[in-house]
Amino acid sequence: MDFVEAVKAAGVVGAGGAGFPTHVKLSAKAEWFLVNAAECEPLIETDKYLCRTYPERIVETVAKIAGHLEASHAVIVLKAKYHREMEALQEAIDKVKAPVELFGMRTFYPAGDEQTLVQQVTGRVVPERGLPLDVGCVVDNVGTVLAIADALEGRPVSEKFLSVTGAVAHTQMFHVPLGTPVTEILKKAKITVGDYAVIVGGPMMGRMLKDKEAIAQAVVTKTTGNLLVLPADHYLVKRSELTEQQMIHRAATACIQCRMCTDMCPRYMIGHEVRPNMVMRNLWREKTITSNEEFEKAFGSAANCCSCGVCEMFACPMGLSPRKMNDYAKRLLRERGINPERNMHPTAREAVDYRKIPTERLIARLDLTRYVTHDLPEFTQMQVKECVIPLSQHIGKPAVPVVKQGDHVEQGALVAAAAEGLSVNIHTGMGGTVTEVTNQGIRICGEEE
Ligand code: SF4
Ligand code: SF4
């Protein structure tokens, strides 16, 4: 089986983002292959753990992928302050004599944003709403690299590493089958507060789960890299309860047009046309604008927002929500059929290297300092009695079940095949009996731990 076919068969998707099918990315040729191990969001431990634990496997696979892409540069990108991980990877590079380099990023948010990372390492700027490939780069997360290593040995993606942080006994790493209920992991992690909420992912861009029902239904997917447990009355939980209408009213009444949201926007800094202050300024008259041309002038820049959250979680001195208002504006642009022209050759602004958000300050602003730990996380390999494997864990069409109720499946078996077009195969991380197949997922009961 050739390289791309092996990755496709194993159902590999981007482990650190929205779950873009990796075989599609690897079907191209590129000058740069960049491995994202910069752990974009505060408090997440997964990339660091993988770099410390599997340095040789990572380095060897990076060299193979770079060879496949015919890339002349293969670079693993971490934060420079990850000394242990840097050393482990450098030793591996020296040992296997691989043509792989390390790049140490400064500690800022969003260091791991794909487009920021491309700009910092190569000096190139990805076009607005473009892909790293548009400037000769392929970027994969370090977890994806390890999934590719498995795929090349014939092992599919069926389990996941993730960290659990926040209001738990210790920051911990878990290795679990896909479809593992989040509640099972939380039981092992030992929550230290009464009422709690869970953010799946990081505090800036993760998915907030507040009510018990939502937490009970959440399961680990191919893209789950972290669970952050917070007390139910934490600032971030309370903030997430604001309705869209409340945010619109606040924008119209309290925005002082200081422009901090725009001036600190990481996409604006790499030269993209993103102007959240313009969106905020025009919200009050949104319903009165009849001409599409005028509407695009007021709200068009929202189309280039990547929802990193810097504007609303750090920059805005009034505690407003420009990110959410950009989301709102994007929806209105779609409804009006407006697709603003893209700048295909942006140039980073002069201050790009100076105007960065220090991660430590961001953590303090988010009221998360108490959860920062300098100890290495504990590790738990988990088995579960039951899992529910979603059919859609990736960008593209949901996979199509190939098993039915009553079937017995072995660990690693294909349970849903990629649909026509953009889609991926899905495998089970536990053996057992299929007890339910729905449009959402496949329930499998196995043996107790
Ligand atoms: S969320 Fe805010 S800071 Fe981030 S890209 Fe969008 S406008 Fe810029
Ligand atoms: S930072 Fe806040 S107050 Fe300043 S322009 Fe942006 S939304 Fe308005």
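Reading guide: rules and limits
- Residues numbered from 1 in each chain as written.
- Chains lettered and ligands numbered in written order.
- Predicted model: local features only at pLDDT ≥ 70, side-chain atom pairs only at ≥ 80, totals over all residues.
- Heavy atoms only, no water.
- Helix = DSSP H or I, 4+ residues; strand = E, 2+ residues; numbered from the N terminus.
- Rg over C-alpha atoms; globule rule 2.2 N^0.38 Å.
- Buried < 20%, exposed > 50% of the residue type's maximum accessible area, 1.4 Å probe, protein only.
- Core = buried A, V, L, I, M, F, W, Y, C linked by side-chain atoms within 4.5 Å.
- Contact = heavy atoms within 4.5 Å.
- Pairing = 2+ DSSP bridges.
- Phe/Tyr/Trp six-rings, centres within 6.5 Å; stacked < 30°, edge-to-face > 60°.
- Near = heavy atom within 4 Å.
- Nonpolar A, V, L, I, M, F, W, Y, C, P; charged D, E, K, R; others polar.
- Axes fitted to C-alpha atoms, helices over the stretch in contact; angles between N-to-C directions.
- Parallel < 35°, antiparallel > 145°, perpendicular 65-115°, else oblique.
- Left-handed = near helix turned anticlockwise from the far one by under 90°.
- Domains from an automatic or database assignment.
- Buried area = accessible area lost by both parts, 1.4 Å probe.
- Salt bridge = Lys/Arg side-chain N within 4 Å of Asp/Glu carboxyl O.
- Polar contact = N/O pair within 3.5 Å; in protein donor to acceptor, adjacent residues only side chain to side chain.
- Lys, Arg positive; Asp, Glu negative; His and termini not counted.
- Patch = residues over 30% accessible without salt bridge, like charges linked within 9 Å, V, L, I, M, F, W, Y side chains within 5 Å.
- Areas by Shrake-Rupley, 256 points an atom, 1.4 Å probe, with all protein chains shown as cover.

Engineer: When you look at the overall build of the chain in this model, what are you seeing that I'm missing?
Structural biologist: Of regular secondary structure, the chain possesses 18 helices and 19 strands. A compact globule built from 449 residues should have a C-alpha radius of gyration of about 22 Å, and the chain, at 22 Å, falls within 12% of that. Along the three orthogonal principal directions, the C-alpha set of the chain runs to about 60 × 50 × 45 Å. Here the chain, with 449 residues, has 55% of them falling under the buried criterion.

Engineer: Any chance you could explain the nonpolar core here in plain terms?
Structural biologist: Inside soluble globular proteins, nonpolar side chains tend to come together where they are buried. The biggest cluster of nonpolar side chains holds 56 residues, and the ones touching the most others in it are Val-164, Ile-185, Leu-186, Leu-227 and Ile-444. Beyond its immediate stretch of four places on either side in the chain, Ile-185 contacts Leu-162, Val-164, Phe-174, Val-176, Thr-180, Val-220, Leu-227 and Met-382. Core analysis: the next-biggest nonpolar cluster, separate from the first, contains 41 residues, Leu-78, Tyr-82, Ile-93 and Met-173 among them.

Engineer: Hey, could you run me through the sheet that holds strand β13 (residues 386–390) in this one?
Structural biologist: Sheet strands pair via backbone hydrogen bonds, and the direction of the pair is either parallel or antiparallel. Read from one edge of the open sheet, 4 strands run β13-β19-β18-β15, paired in antiparallel fashion. Two strands lie at the open edges of the sheet, namely β13 and β15 (408–409), each paired on one side alone. Bridge count for strand β18 (residues 432–437) against strand β19 (residues 441–445) is 4 bridges, and the pairing is antiparallel. The residue bridging Thr-433 from the neighbouring strand is Cys-445, located in β19.

Engineer: Teacher, can you tell me more about the packing of aromatic side chains here?
Structural biologist: Pairs of aromatic rings are described using the distance from one ring centre to the other and the angle between the two planes. Counted under the stated rule, the structure contains 5 aromatic pairs. Summarising the aromatic geometry, the rings of Phe-161 and Phe-379 are spaced 6.2 Å apart at their centres and angled 40 degrees between planes, so their arrangement reads as tilted. Placement of Phe-161 in strand β6 (residues 159–166) and of Phe-379 in strand β12 (residues 378–381) is noted, with a sequence separation of 218 residues between them. You can call Phe-161 buried: its relative accessible area is 16%. We classify Phe-379 as partly exposed; its relative accessible area is 38%. With 4.7 Å between their ring centres and 45 degrees between their planes, Phe-295 and Phe-299 make a pair best called tilted. Remark: Phe-299 and Phe-295 occur in helix α15 (residues 292–299); sequence separation between them is 4 residues, near one turn of the helix. The exposure class of Phe-295 is buried, given its relative accessible area of 1%.

Engineer: It is not clear to me how the sheet that holds strand β17 (residues 426–427) should be interpreted in this structure. Could you clarify?
Structural biologist: The antiparallel open sheet is built from 3 strands, whose spatial order is β14-β16-β17. One side of each edge strand has no neighbouring strand; the edge strands of this open sheet are β14 (400–401) and β17.

Engineer: Explain the site of ligand 1 here, please?
Structural biologist: The full set close to ligand 1 counts 14 residues, and Cys-265, Cys-305, Cys-308, Gly-309 and Cys-311 are the nearest of them. Elements represented by at least two residues in the shell around ligand 1 include exactly α13 (266–269), α16 (310–315) and α17 (322–335). Residue classes in the shell around ligand 1 are distributed as 9 nonpolar, 3 polar and 2 charged.

Engineer: What exactly am I supposed to notice about the packing of helix α4 (residues 55–69) against helix α5 (residues 83–96) here?
Structural biologist: Two numbers describe how α4 lies on α5: the axes approach to 8 Å, and their chain directions differ by 60 degrees. Of the possible angle classes, the one that applies to α4 and α5 is oblique. The element α4 and its partner α5 pack so that their crossing is right-handed. Taking contact as the criterion, the partners of Pro-55, Glu-56, Ile-58, Val-59 and Glu-60 in α4 are, on α5, Ala-88, Leu-89, Ala-92, Ile-93, Lys-95 and Val-96.

Engineer: What should I look at first to understand the environment of Ile-395 in this one?
Structural biologist: Following the sequence through the fold, Ile-395 ends up in the loop between β13 and β14. With residues near it in sequence (within four places) discarded, Ile-395 still touches Ala-18, Gly-19, Phe-20, Pro-21 and Leu-422.

Engineer: Whenever I open this one, the domain arrangement of the chain confuses me. Can you help?
Structural biologist: The accessible area lost on association of the parts is a frequent measure of interface size. Per the domain assignment, the segments of the chain are domain 1 (3–152), domain 2 (163–234 + 367–382), domain 3 (244–364) and domain 4 (384–449). For domain 1 versus domain 2, the separation of C-alpha centres amounts to 25 Å. Counting residues at the interface gives 17 residues for domain 1, matched by 21 residues for domain 2. Contact between domain 1 and domain 2 buries roughly 1,500 Å² in total, counting both sides, with carbon and sulfur atoms accounting for 66%. Where domain 1 meets domain 2, there are 0 salt bridges. The tally of links between domain 1 and domain 2 comes to 6 residue pairs in polar contact (both at pLDDT 80 or more). It is helix α3 (residues 46–53) that provides the largest number of residues to the side of domain 1 that touches domain 2, a total of 3 residues.

Engineer: Whenever I open this one, the site of ligand 2 confuses me. Can you help?
Structural biologist: Close contacts around ligand 2 come from Cys-255, Ile-256, Gln-257, Cys-258, Arg-259, Met-260, Cys-261, Asn-277, Met-280, Cys-316, Pro-317 and Met-318, and that covers them all. Of all elements in the fold, only α12 (260–263) and α14 (276–282) reach the threshold of two or more residues within the shell around ligand 2. The class makeup of the residues in the shell around ligand 2 is 9 nonpolar, 2 polar and 1 charged.

Engineer: Where do I start with the side chain of Arg-239 in this structure?
Structural biologist: Here Arg-239 shows up in helix α10 (residues 235–239). Glu-312 provides the closest opposite charge to the buried, salt-bridge-free Arg-239, at an N-O distance of 4.7 Å. Those residues in contact with Arg-239 that sit more than four places away from it in its chain are Glu-312, Met-313, Gly-319, Leu-320 and Ser-321.

Engineer: Explain the pairing of β18 here, please?
Structural biologist: Taken residue by residue, a regular strand's side chains alternate between the two faces of the sheet. As paired elements, β15 and β18 share 2 bridges and run antiparallel to each other. Of the residues in β18, the one forming a bridge with Val-409 is Gly-432. Adjacent in sequence and paired antiparallel, β18 and β19 are bridged by 3 residues.

Engineer: Even after reading the chapter, I still don't get a nonpolar patch on the surface, so can you show me in this structure?
Structural biologist: Together, Val-24, Ile-395 and Leu-422 give the surface a local cluster of nonpolar side chains, amounting to about 190 Å² of exposed area. Position of Leu-422 among the secondary structure elements: in the loop between β16 (414–417) and β17. Judged by its relative accessible area of 31%, Leu-422 is partly exposed.

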